[in-house]
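So you can see what is in the structure, the chains are spelled out below.
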Amino acid sequence: MPSEGTLRILLVASAFNSLTQRVHTELRDRGHTVAVELALGDDPVRAAVARFAPDLILAPMLTRAVPEDVWTRHPVLIVHPGPKGDRGPSSLDWAIHEGAREWGVTVLQAVAEMDAGPIWASVPFPLRPCGKSEAYRTEVADAALEAVLLAVERFASGVFEPEPLDYARPDVRGRLRPYHTQEYRRIDWPADDTATVLRKLRSADSQPGVLDELYGREFFLHGGHPEDLLRGEPGRIIATREGAICRATVDGAVWIPQLRPRRTPGGPATFKLPAALVLGDLLAGVPESPVGPAEAGGRITWSELRYREERGVGYLEFGFPAGAMSTGQCRRLLAAYRAACARPTSVLVLGPQRDFFSNGIHLNTIEAAADPAEESWLNINAMDDLVEAILTTTDKLTVSAVAGNAAAGGLMLAIAADEVWCRASAVLNPHYRLMGLYGSEYWTYTLPRRVGAAEAGRLTGAALPVGAREAEAIGLVDAVRPGSAGDFRAWVRERAARLAASPDLTARLLEKKRRRAADEEEKPLAAYRDEELAHMRRNFLDPAEPYHRLRRDFVHKVCPTATPEHLRG
């Protein structure tokens, strides 16, 4: 066993997704040597084990079995998103579908029978009413990380004996469940009430979606949000808003933000897009039901933008599916930002209450555009306009409240604010390289200003995720708060209110204005933008640039052929 409890840990995962990234950052923060191998086949996994010689193999997210000759020779711990005794590939789907209020994450040892190995750790968590992907990145991820750290600690001790799975024990309440097929997900619009429809939609978010029929064609429905006022004939689309569609239920209505056409045999692959964009002219005659950010803040309805005020602080909340921001979404957020700036507040807090802060430009809408290069250009300029507005706001203190993950231009959007407050569970990816882009959003100004030129070069070049604690240590964020998403939001409210009431506020605003003027004189913001966009124009317009292939592979979920070298440690 390595000295001082540090281990060589190999993460074997089907994807370097949000949970795998979080486990990766947290284990590194604790001094462990960590490498990643994507589960692309038995032989690559065997080769990675031989090459890295791990003390422990961890599988944070795995959709295929680890080779028997690996788990019989090496300790392999599997993270399963279910309580003790729960087994099967659709654990979280079933929990949400059946309206469970509490669920759990279990870390168990790999054996021949899937999810049946000895238990190293199990952590319960409350399951709030939300989509599967949102729950996965918040409560599930928090519980998974707690369980992983406990299991690693127990393994490092060398004395812990894992608990055999025994359904006779009173705390083993799970069971083997089948794959959650479309048979279980089907919505009976004339019979299912709103609560039932929402559970079915949310249990399928973001994959595989709920298969349904609209206008004589089959689509997968993605996302589900309640509506408090609109009503109509069950199953009928009764309104649109911000790209989403509203469908009536027997006792209310639900908003569905995204659709994915069912792939026809031999036809091209399909991908998720804003529902109204997918349906296009089929929605002729369906009314638009606009709602302003301030009105949305006081209603139970779908809106990507919400605004409210409290104790001298304005809160501009935004939440975009998967954190992606299209040209139109950027422009709507910019308009809402300008309206918020006109309000008589001294502090403006930006960011959603939960989940993604932002991941930058919307690759799916770009891929679907008639001219992806032109749409890329429009999208990046819309992002730049938004960031510029934040950077040039001098009569308010701006705060980015990063409750969830942020990446690429979405993270650069966050660090444009005067202060960045981050939930401890957030994973940050301050780079563009993996999408073949130089990057914009004024990152060449804001990132070195926060972390220094050398660290900015390291972060953008290494292209590895950064945990919140490391981000605070290097100055990428200003403050970090542990705890749940609710704890974080309460902390943000109190901290923002104190900031608004601070006797030093006027002096800070004057200093902010002075510094902005000095920076502008040294090098105008327009110069940073022009230099960045010169690179981006080449990335977008040259068909030989890797961006185009990487974008298509991302949108169409093309499986990589090998683990990227930068993940192998």
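Refer to the structure above for everything that follows.
J.: Go over the overall build of the chain, please, and point to the residues and values.
T.: Each helix and strand counted, the chain has 20 helices and 25 strands in total. Its C-alpha atoms give the chain a radius of gyration of 24 Å, near enough to 25 Å, the size a compact globule of 569 residues would have. Over its C-alpha atoms, taken along the principal directions, the chain stretches across nearly 65 × 60 × 50 Å. Expressed as a percentage of its 569 residues, the buried residues of the chain come to 57%. Across the chain, the fraction of contacts at a sequence separation of at least 24, relative to all contacts at a separation of at least 6, is 68%. On the chain, roughly 23,600 Å² of surface is accessible, and the fraction owed to carbon and sulfur atoms is 53%.

J.: Give me the pattern of salt bridges: which residues, what numbers.
T.: Counted under the stated rule, the structure contains 53 salt bridges. Put simply, arginine 529 and glutamate 388 hold a salt bridge, and the shortest N to O gap is 3.3 Å. Separated by 141 residues along the polypeptide, arginine 529 in helix 19 (residues 525-541) and glutamate 388 in helix 12 (residues 372-391) bring together distant segments of the chain. Note on glutamate 388: relative accessible area 30%, which makes it partly exposed. The network of salt bridges with shared partners includes Arg308, Glu310, Glu317, Arg489 and Arg493.

J.: Before we move on, could you go through the nonpolar core and cite the residues and values that matter?
T.: Ranked by size, the top nonpolar core spans 87 residues in total, and within it Leu221, Ile245, Leu259, Leu428 and Leu447 carry the most contacts. In terms of residues, this core owes the most to one element, helix 12, which gives 9 residues. Val23, Val79, Val107 and Ala143 belong to the second largest nonpolar core, which has 40 residues in total.

J.: So what's going on with the sheet that holds strand 24 (residues 466-467)? Residues and values would help.
T.: Strand order in the open sheet formed by 3 strands is 21-23-24, with mixed pairing between adjacent strands. Pairing within the sheet leaves two strands with one partner each, and these edge strands are strand 21 (406-407) and strand 24. One ladder, built from 2 bridges, connects strand 23 (residues 427-429) with strand 24; its direction is antiparallel. By the bridge assignment for strand 24, valine 427 is matched with glycine 467. Each of strand 23 and strand 24 touches helix 1 (residues 18-29); the most contacted strand, strand 23, lies at about 95 degrees to it.

J.: So what's going on with unusual backbone geometry? Which residues, and what values?
T.: Cis geometry is adopted by the peptide bond preceding serine 206, which originates at aspartate 205 and carries an omega value of 0 degrees. Cis geometry is adopted by the peptide bond preceding proline 208, which originates at glutamine 207 and carries an omega value of 5 degrees. Positioned with a positive phi, tyrosine 215 is a non-glycine residue whose angle comes to about 55 degrees. Considering the arrangement of structural elements, one finds tyrosine 215 in the loop between strand 7 (210-214) and strand 8 (217-222). Located in the positive-phi region is alanine 408, a residue other than glycine, with phi close to 50 degrees. Its place among the elements puts alanine 408 in helix 13 (residues 408-414).

J.: Go over the side chain of threonine 327, please, and point to the residues and values.
T.: Counting through the fold element by element, threonine 327 comes out in helix 10 (residues 327-341). Note on threonine 327: relative accessible area 5%, which makes it buried. A polar atom in the side chain of threonine 327 sits 2.6 Å from the side chain of glutamate 375.

J.: Explain empty space enclosed by the protein to me, and be specific about the residues and the numbers.
T.: By the definition in use, this model includes 6 cavities of 30 Å³ or more. If you add up the space inside the largest cavity, you get close to 90 Å³. Along the walls of the largest cavity sit 13 residues, with Arg22, Arg137, Ala141, Asn405 and Ser425 positioned nearest its centre. Looking at the lining of the largest cavity, the elements that each hand over two or more residues are helix 1 and helix 5 (132-157). Partitioned by chemical class, the residues of the lining of the largest cavity number 5 nonpolar, 4 polar and 4 charged.

J.: Can you break down the packing of helix 12 against helix 19 residue by residue, with the values?
T.: When two helices pack together, their arrangement is captured by the angle between the axes and the distance separating the axes. Taken N-terminus to C-terminus, the directions of helix 12 and helix 19 make an angle of 160 degrees; their axes are 10 Å apart at the nearest point. Taken together, the axes of helix 12 and helix 19 lie roughly antiparallel to each other. For the pair helix 12 and helix 19, the crossing hand works out as right-handed. Two secondary-structure elements touch here, helix 12 through Ala373, Ser376, Trp377, Ile380, Asn381, Asp384, Asp385, Glu388 and Leu391 and helix 19 through Leu525, Arg529, Leu533, Met536, Arg537, Phe540 and Leu541. Residues of the contact of helix 12 with helix 19, tallied by class, amount to 9 nonpolar, 2 polar and 5 charged.

J.: Describe the environment of glutamate 531, and please don't skip the residues or the numbers.
T.: As for its position among the elements, glutamate 531 is in helix 19. Residue class for glutamate 531 comes out partly exposed when judged on its relative accessible area of 41%. The spacing of glutamate 531 and serine 440 is 91 residues in sequence and 8.9 Å in space, taken between C-alpha atoms.

J.: Can you lay out the sheet that holds strand 2 (residues 33-38) for me, pointing to particular residues and giving the numbers?
T.: One open sheet holds the 6 strands; their spatial order is 2-1-3-4-5-6, and the pairing between them is mixed. Edge positions in the sheet fall to strand 2 and strand 6 (119-126), since each has one partner strand and no second. Within the sheet, the average angular offset between the axes of one strand and its neighbour, ignoring direction, is 20 degrees. Relative to strand 2, strand 1 (residues 8-13) runs parallel, the two being bridged by 6 bridges. Residue pairing across strands places valine 12 opposite glutamate 37, the latter belonging to strand 2. Helix 1 rests against strand 1, strand 2 and strand 3 (56-59) of the sheet, and its axis sits at about 175 degrees to strand 1. Contacts from helix 2 (residues 42-52) reach strand 1, strand 2 and strand 3, with the element oriented near 165 degrees to strand 2.

What counts, and where the lines are drawn
- Residues numbered from 1 in each chain as written.
- Predicted model: local features only at pLDDT ≥ 70, side-chain atom pairs only at ≥ 80, totals over all residues.
- Heavy atoms only, no water.
- Helix = DSSP H or I, 4+ residues; strand = E, 2+ residues; numbered from the N terminus.
- Rg over C-alpha atoms; globule rule 2.2 N^0.38 Å.
- Buried < 20%, exposed > 50% of the residue type's maximum accessible area, 1.4 Å probe, protein only.
- Contact = heavy atoms within 4.5 Å.
- Areas by Shrake-Rupley, 256 points an atom, 1.4 Å probe, with all protein chains shown as cover.
- Salt bridge = Lys/Arg side-chain N within 4 Å of Asp/Glu carboxyl O.
- Core = buried A, V, L, I, M, F, W, Y, C linked by side-chain atoms within 4.5 Å.
- Pairing = 2+ DSSP bridges.
- Axes fitted to C-alpha atoms, helices over the stretch in contact; angles between N-to-C directions.
- Polar contact = N/O pair within 3.5 Å; in protein donor to acceptor, adjacent residues only side chain to side chain.
- 1 Å grid on protein atoms, 1.4 Å probe; cavity = no way out; pocket = protein on both sides within 12 Å on 5 of 7 lines; lining within 4 Å.
- Points joined across faces, edges and corners; volume = space filled by probe spheres on them.
- Nonpolar A, V, L, I, M, F, W, Y, C, P; charged D, E, K, R; others polar.
- Parallel < 35°, antiparallel > 145°, perpendicular 65-115°, else oblique.
- Left-handed = near helix turned anticlockwise from the far one by under 90°.

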